[in-house]
Amino acid sequence: MTFKTLWLVSESEQKAKKQSFSSGKTILYGSNGTGKSRITKNLFWTLGCSPQKHIDGGWNPDAIGVLDFEYQGASYRAIRQNKLLGLFDASGRLVKFADSMSAWDKAMADTFGYRLKLQRPASAIQSQAGIDYLTLPFYLDQDGSWGASWDTYSTLDQFSRWQKPVFESFIGLRPNAYFEAYQQWQSVNAQLIKKQSDMEVQRIAFKRVRDFLPKNVPVISEEKFEEELRKLAETAKDLQRTQVELRAKVVVAVNLKEKLTAELRLMVAAHKNLTADLGFLSEFDDKGVECPTCGTVHTNSFHARLQLTQDTQSLSTLIGELKKEREKATAQHSKLLEQLSEINVQIRKLDKAMKEEHASMRAKDLLLAAHSVKTLDVAFTSVTSELTVEIEALDSEEKKLRDDYKKYDDLARKKEVGKYFSDNVGSLSVRLNIPAEEQIGKAKPGARGQVGGSSGPRSLLAVHLAMLRSNCEYGDTPLFPFVVDTPQQSGQDPHNLSSMIEMVGTSAGTDHQVILAVEMIPEEADISGFEKVDFTEKRSLLNTKDFKEAAFLAEPLKILKEAASQLKATKKKSSINNEPEASA
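Calculation criteria
Residues numbered from 1 in each chain as written. Predicted model: local features only at pLDDT ≥ 70, side-chain atom pairs only at ≥ 80, totals over all residues. Heavy atoms only, no water. 1 Å grid on protein atoms, 1.4 Å probe; cavity = no way out; pocket = protein on both sides within 12 Å on 5 of 7 lines; lining within 4 Å. Points joined across faces, edges and corners; volume = space filled by probe spheres on them. Helix = DSSP H or I, 4+ residues; strand = E, 2+ residues; numbered from the N terminus. Buried < 20%, exposed > 50% of the residue type's maximum accessible area, 1.4 Å probe, protein only. Contact = heavy atoms within 4.5 Å. Axes fitted to C-alpha atoms, helices over the stretch in contact; angles between N-to-C directions. Parallel < 35°, antiparallel > 145°, perpendicular 65-115°, else oblique. Nonpolar A, V, L, I, M, F, W, Y, C, P; charged D, E, K, R; others polar. Phe/Tyr/Trp six-rings, centres within 6.5 Å; stacked < 30°, edge-to-face > 60°. Lys NZ or Arg CZ within 6 Å of the ring centre and 35° of its normal. Pairing = 2+ DSSP bridges. Right-handed = clockwise from strand over helix to strand, strands pointing away. Core = buried A, V, L, I, M, F, W, Y, C linked by side-chain atoms within 4.5 Å. Salt bridge = Lys/Arg side-chain N within 4 Å of Asp/Glu carboxyl O. Expected span 1.5 Å × (residues − 1). Polar contact = N/O pair within 3.5 Å; in protein donor to acceptor, adjacent residues only side chain to side chain.

**Student:** Whenever I open this one, the layout of surface pockets confuses me. Can you help?
**Tutor:** Approximately 650 Å³ is the volume found for the largest pocket. As for the largest pocket, its lining consists of 26 residues, of which Gly33, Gly35, Arg38, Gly57 and Arg539 are closest to the centre. Among the elements that take part in the lining of the largest pocket, helix H1 (residues 36–46) stands out by supplying four residues, more than any other.

This is how it looks when you write it as structure tokens:
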């Protein structure tokens, strides 16, 4: 890719700036405040990036950026005003358009074949990495790139843990096919985890509702419920009928027992009297016994005593029989009392159950609860069965995709590329005069030197140049221009600054267009391969002459605004019709 011309246009001020670049190496030379950084920032801002402090210093936030560039032998023109962005081909046809940065990221990814997707913070959602991440190694910005962290652009925190995949992809540690396959696996794996979580949430939610409903509710069928009520009534009637019958039998049994007891009492008394009489008669002889009342003499014969003895024995036999009948009657009475007691217990339980049910819930409430339970069970079965099918399908796809991305995880390639990158960081560090004790040992993708003083900026430059070399050797992303703004950081002396300028030209200039913005060029620095552009006027980057030449912008700006209006109308119509929004 080659930057041809940058236009910066302020319609409100009626001023503009036209800056052309050599297809090889260009030095933008001038003191502070002459606009060099404004040029380098807007090169990437116009492409859709977000350089640090882009609008600081009183820069008009509504200014328009226009960048003409060549890519793979074709000419393009990128135009940006705020968040309105468009890409035109050589014929002036609008080929990409967006009114939001997310839409533009997708458009640029499609244009440059950038397939890397990254994960949002605290989310399983993955989104397309934008132009910021693709161009990050190609740009050293005065305000955000020379520190200890990657802060070239202000939007790099939109993704979490982005450094490893971005830089591994850039230097070719793994081919882009790996990252595409890995991201597909990540997406499906995230869906699988979410579905499994949904299943658990559903299970817990259904269980909580199920636990809230009454236990042992009647069957769901109203006919069956009515049948249960009918059987309950019949049972109550049967118990009451049995109770009445048992009570009648108990009365009969009690009467019988009392009758036998009375008869037995009489028999025992009679037997006692007869026994006493027999004893009395046995004391007298056969002459007779005179009645003390009337004086009558009664014969005391053997026959009379024999008869009395027989009567006594008969009473004894009868008393024995009456005792047996009374025992039998008593046993029957006890049995009937037990049965009656059991019936009474059943009746009390039935009565208690009916009273409890009546107190807690009416019959229609029981039916409603029963319907709720059944509906809940049916819903749970339906939901979980659908989730089970989805989980099984996702699980199968996840395993397949995991096998796919692991095919690209070539350990030999990783070792080779990693060594190539680390060796280049080491050799470039030596050539940039970084002391051995301050060099990065076994540099990994995305590493930044943590040394201080003047060695820090040179160490960062070594990392960027090593990434560019590795990208050329093993990577498969476009070769953007290498833009470096103000390498004179942390008090570089002329010798070290010369080394930095020369290394940018010789190391990156072989495969990339180079644009270097500097405030000082040491006499010893070899800039013979650079085209030098002088910036002499402070605070006056824009001018009226270039604004007149920018009249060509009227037509592409009109096309952009018409596209924005059409997209807005489409979104409004989709919203009214409750349809998915049209993609930018």
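**Student:** Explain empty space enclosed by the protein here, please?
**Tutor:** Leftover empty space is mapped by rolling, across the atoms, a probe with the size of a water molecule. Summed over the entire model, instances satisfying the criterion amount to one cavity of 30 Å³ or more. In this structure, the largest cavity spans a volume of roughly 40 Å³. What lines the largest cavity is simply Tyr114, Tyr133, Leu134, Pro137, Val166, Ser169, Phe170 and Thr477. Per-element tally for the lining of the largest cavity: the top contributor is helix H4 (residues 163–171), with three residues.

**Student:** Looking at this model, I keep getting lost on the environment of Ser169. Mind explaining?
**Tutor:** Structurally, Ser169 is set in helix H4. Judged by relative accessible area, which is 2%, Ser169 ranks as buried. Spatially, the C-alpha atom of Ser169 lies 7.1 Å from that of Gly475, the residues being 306 residues apart in sequence. Other than its neighbours up to four places away in sequence, Ser169 contacts Arg174, Asn176 and Phe179.

**Student:** What exactly am I supposed to notice about the side chain of Glu398 here?
**Tutor:** Relative to the assigned elements, Glu398 resides in helix H8 (residues 363–407). Not counting the four nearest positions on each side in its chain, Glu398 is found in contact with Trp185, Val188, Asn189 and Leu192.

**Student:** How should the packing of H4 against helix H10 (residues 455–474) be read in this particular structure?
**Tutor:** In a packed pair of helices, the relevant descriptors are the angle between the two axes and the axis-to-axis distance. As a packed pair, H4 and H10 sit with axes 7 Å apart at the nearest point and diverge in direction by 60°. The angle between H4 and H10 places the two elements in the oblique class. Residue-level inspection shows Phe167, Phe170 and Ile171 of H4 in contact with H10, the latter providing Met467, Leu468, Ser470, Asn471 and Tyr474. Its residues assigned to classes, the contact of H4 with H10 shows six nonpolar, two polar and no charged.

**Student:** Hey, could you run me through the packing of aromatic side chains in this one?
**Tutor:** Where two aromatic rings form a pair, the distance of their centres and the angle of their planes describe that pair. What the rule picks out here adds up to 19 aromatic pairs. Between Phe69 and Tyr76, the aromatic rings sit 5.6 Å apart at their centres with planes inclined by 25°, giving stacked as the arrangement. Among the residues examined, Tyr76 registers a relative accessible area of 23% and is labelled partly exposed. Put simply, the rings of Tyr71, Phe112, Phe138, Phe170 and Phe480 pair up and form one aromatic cluster. Residue placement shows Lys25 over the ring face of Phe530; its charged tip is 5.4 Å from the ring centre.

**Student:** Sorry if this is basic, but what is going on with the sheet that holds strand E10 (residues 139–140) here?
**Tutor:** Spatially, five strands are ordered E10-E13-E14-E3-E15 in an open sheet, and the strand pairing comes out parallel. Looking at which strands have only one partner, the edges of the open sheet turn out to be E10 and strand E15 (531–535). Bridging between strand E3 (residues 25–30) and E15 involves five bridges; their strand directions are parallel. Bridge pairing in E15 links Ile27 to Lys532. Along the sheet face, H10 touches E10 and strand E13 (482–485) and points at about 175° away from the line of E13. Its contacts with the sheet place helix H11 (residues 494–508) against E3, E13 and strand E14 (514–518), and it is angled at close to 175° to E14.

**Student:** Which parts of the structure should I look at to understand the pairing of E14?
**Tutor:** For a regular strand, side-chain orientation follows a simple rule: the groups alternate between the two sheet faces. Counting buried positions over the five residues of E14 gives five, a clear majority of the element. Neither face of E14 is exposed, since Val514, Leu516 and Val518 on one face and Ile515 and Ala517 on the opposite face are all buried. In terms of strand pairing, E3 meets E14 through five bridges, oriented parallel. Bridge assignment links Thr26 to a residue of E14, and that residue is Ile515. Pairing analysis gives four bridges linking E13 to E14, with the strands arranged parallel. Across the sheet, the residue bridging to Phe482 is Val514, located in E14. The handedness of the E13 to E14 crossover, carried by H11, is right-handed.

**Student:** Any chance you could explain the nonpolar core here in plain terms?
**Tutor:** Looking at soluble globular proteins, one finds that nonpolar side chains tend to be buried together. If you look at the biggest cluster of nonpolar residues, it comprises 99 residues, and the most contacted ones within it are Phe3, Leu43, Phe69, Tyr133, Trp162 and Phe482. No other element matches the nine residues that H10 contributes to this core.

**Student:** When you look at the pattern of salt bridges in this model, what are you seeing that I'm missing?
**Tutor:** The final tally for this structure, using the stated rule, is 18 salt bridges. Across the pair Lys18 and Glu549 runs a salt bridge, and its minimum N-O distance is 3.5 Å. Separated by 531 residues along the polypeptide, Lys18 in strand E2 (residues 15–20) and Glu549 in helix H12 (residues 544–549) bring together distant segments of the chain. Of the charged contacts in the structure, one is a salt bridge between Arg77 and Asp68, with a shortest N-O distance of 2.6 Å. Given a relative accessible area of 25%, Arg77 falls into the partly exposed group. Among the ionic contacts, a cluster of salt bridges with common partners joins Lys18, Lys545 and Glu549.

**Student:** Mind showing me how you'd approach helix H9 (residues 411–431) here?
**Tutor:** Think of an α-helix as 3.6 residues a turn; residues three or four steps apart then line up on the same face. The end-to-end C-alpha distance of H9, which contains 21 residues, comes to 30 Å, matching closely the 30 Å that a straight helix rising 1.5 Å per residue would cover. Residues Val417, Phe421, Ser422, Asn424, Val425, Gly426, Leu428 and Ser429 constitute the buried set of H9. For H9, the secondary structure elements touched by its buried residues are H4, H10 and H11. The opening residue of H9, the one whose side-chain oxygen lies 3.0 Å from the backbone nitrogen of Ala412, is Asp410. After H9 finishes, the residue Asn433 shows a positive phi value of roughly 60°.

**Student:** What exactly am I supposed to notice about the sheet that holds strand E4 (residues 64–71) here?
**Tutor:** Paired through their backbone hydrogen bonds, the strands of a sheet run either parallel or antiparallel. If you walk across this open sheet you meet the six strands as E2-E1-E4-E5-E6-E7, and the pairing is antiparallel. If you trace the sheet from one side to the other, it starts and ends with E2 and strand E7 (94–98), each paired once. In this sheet, adjacent strand axes meet at a mean angle of 15° when their direction is disregarded. As judged from the six bridges shared by strand E1 (residues 2–10) and E2, these two strands associate in the antiparallel manner. Paired with Thr5 across the strands is Ser20, a residue of E2. Where H1 meets the sheet, its contacts fall on E1, E2, E4, strand E5 (74–81) and strand E6 (84–89), and the angle it forms with E1 comes to roughly 100°.

**Student:** What should I look at first to understand the environment of Gln128 in this one?
**Tutor:** Structurally, Gln128 is set in strand E9 (residues 126–128). For the pair formed by Gln128 and Ala103, sequence separation is 25 residues and the distance between their alpha carbons is 9.6 Å. Setting aside residues up to four positions removed in sequence, Gln128 forms contacts with Asp105, Lys106, Ala109, Tyr114, Arg115, Leu116, Lys117 and Phe159.

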